[in-house]
Amino acid sequence: MKEEGIIMAIFSADYSSFGAIEVTGRRKGETVLSITDNVTDITIDVNVKVTDNYLEYTILESEHPGLIKERRVYLINNENKDAYFFDGGKKVAKGTYDFALEDGVRYMKLWYADHGNGEITDAAIVWTEHLFDIEKK
């Protein structure tokens, strides 16, 4: 099987009178993108690093003690499915996540350390699973 490149670059003349280059990551890694101006024949090399992508959620409203208002949750799309919890720009804890479908209901599962009451802590204790119905209004 042929291995795909790290990035895909597409030139578009429709973006502006100067054109544009859209770069999309295909897999993690580093590569060099060489860009040549057809008028001046000048070539520049641009270093490109593709990293794990992530989803950021800001908690707007919640009755769960671990998901307090304005808390930011970052779900990292990596093998470990890391989750990070931030308050006011400061990391308060790390955990993991997963998504599940059980009895026709979609859930997000978060594992993080708590003291038995659901409140997130950075203490070095065993992580607890917390299940959230992501379709419930």
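Note that the structure is predicted; figures quoted are calculated from it, not measured. (Residues numbered from 1 in each chain as written. Predicted model: local features only at pLDDT ≥ 70, side-chain atom pairs only at ≥ 80, totals over all residues. Heavy atoms only, no water.)

Q: Could you clarify how one ought to interpret the sheet that holds strand S10 (residues 127-133) in this entry?
A: Two orientations exist for strands paired in a sheet by backbone hydrogen bonds: parallel and antiparallel. With antiparallel pairing, six strands are arranged side by side in an open sheet as S5-S6-S7-S8-S9-S10. The sheet is open, and its two edges are formed by strand S5 (54-58) and S10, each paired on a single side. Between one strand axis and the next, the sheet turns by 30 degrees as a mean value, whatever way the strands run. As paired elements, S5 and strand S6 (residues 72-76) share five bridges and run antiparallel to each other. (Pairing = 2+ DSSP bridges. Helix = DSSP H or I, 4+ residues; strand = E, 2+ residues; numbered from the N terminus. Axes fitted to C-alpha atoms, helices over the stretch in contact; angles between N-to-C directions.)

Q: Help me understand the nonpolar core, please; the structure alone is not making it clear to me.
A: Burial of nonpolar side chains together is a common tendency in soluble globular proteins. Ranked by size, the top nonpolar core spans 13 residues in total, and within it Leu-67, Val-73, Leu-75, Phe-85 and Leu-110 carry the most contacts. Of all the elements in the fold, those that place two or more residues in this core are S6, strand S7 (82-87), strand S8 (90-102) and strand S9 (105-113). Here the element with the most residues in this core is S9; it accounts for three residues. (Core = buried A, V, L, I, M, F, W, Y, C linked by side-chain atoms within 4.5 Å. Buried < 20%, exposed > 50% of the residue type's maximum accessible area, 1.4 Å probe, protein only.)

Q: Would you explain unusual backbone geometry in this entry?
A: Glycine aside, a negative phi is what most residues show, and trans is what most peptide bonds show. The backbone phi angle of Glu-70 is positive, close to 75 degrees, even though this residue is not glycine. Within the secondary structure, Glu-70 sits in the loop between S5 and S6. Take Glu-70: its relative accessible area is 48%, and that puts it in the partly exposed class. Phi angles above zero are rare outside glycine, and Lys-81 is one such case at about 55 degrees. The residue Lys-81 is located in the loop between S6 and S7 in this model. A relative accessible area of 32% means that Lys-81 is categorised as partly exposed.

Q: How should I be thinking about the packing of aromatic side chains in this particular structure?
A: Within a pair of aromatic rings, the relevant descriptors are the distance that separates the centres and the angle that separates the planes. Inspection of every chain in the model, using the stated rule, returns four aromatic pairs. With a centroid separation of 5.7 Å and 65 degrees between ring planes, the pair formed by Tyr-54 and Tyr-74 is classed as edge-to-face. Highlighted residues: Tyr-54 in strand S5 and Tyr-74 in strand S6, separated in sequence by 20 residues. Summarising the aromatic geometry, the rings of Tyr-97 and Phe-99 are spaced 5.8 Å apart at their centres and angled 70 degrees between planes, so their arrangement reads as edge-to-face. Given the relative accessible area of 8%, Tyr-97 is considered buried. For Phe-99, a relative accessible area of 41% corresponds to the partly exposed category. Connected via pairs of aromatic rings, a cluster forms that spans Tyr-54, Tyr-74 and Phe-86. (Phe/Tyr/Trp six-rings, centres within 6.5 Å; stacked < 30°, edge-to-face > 60°.)

Q: What is the right way to read the pattern of salt bridges from this model?
A: A side chain of one charge can pair with a side chain of the opposite charge when the charged atoms of the two come close. Overall, the coordinates contain six salt bridges when judged by the stated rule. Between Lys-94 and Asp-82 there is a salt bridge; the shortest N-O distance is 3.7 Å. Residue Lys-94 is found in strand S8, and its partner Asp-82 is found in strand S7; the two are separated by 12 residues along the sequence. The class for Asp-82 is buried, based on a relative accessible area of 8%. (Salt bridge = Lys/Arg side-chain N within 4 Å of Asp/Glu carboxyl O.)

Q: Could you clarify how one ought to interpret the pairing of S8 in this entry?
A: Strand residues, when the strand is regular, have side chains that alternate between the two faces of the sheet. In this sheet, S8 lies alongside S7 in antiparallel orientation, the contact comprising six bridges. Counterpart to Asp-87 in the pairing with S8 is Lys-90. Here seven bridges tie S8 to S9, and the two strands are oriented antiparallel to one another. In the strand pairing of S9, Ala-100 is matched with Tyr-107. Turn length for the S8-S9 hairpin, with the two strands adjacent in sequence and antiparallel, is two residues, and the turn residue Asp-103 shows positive phi of about 50 degrees.

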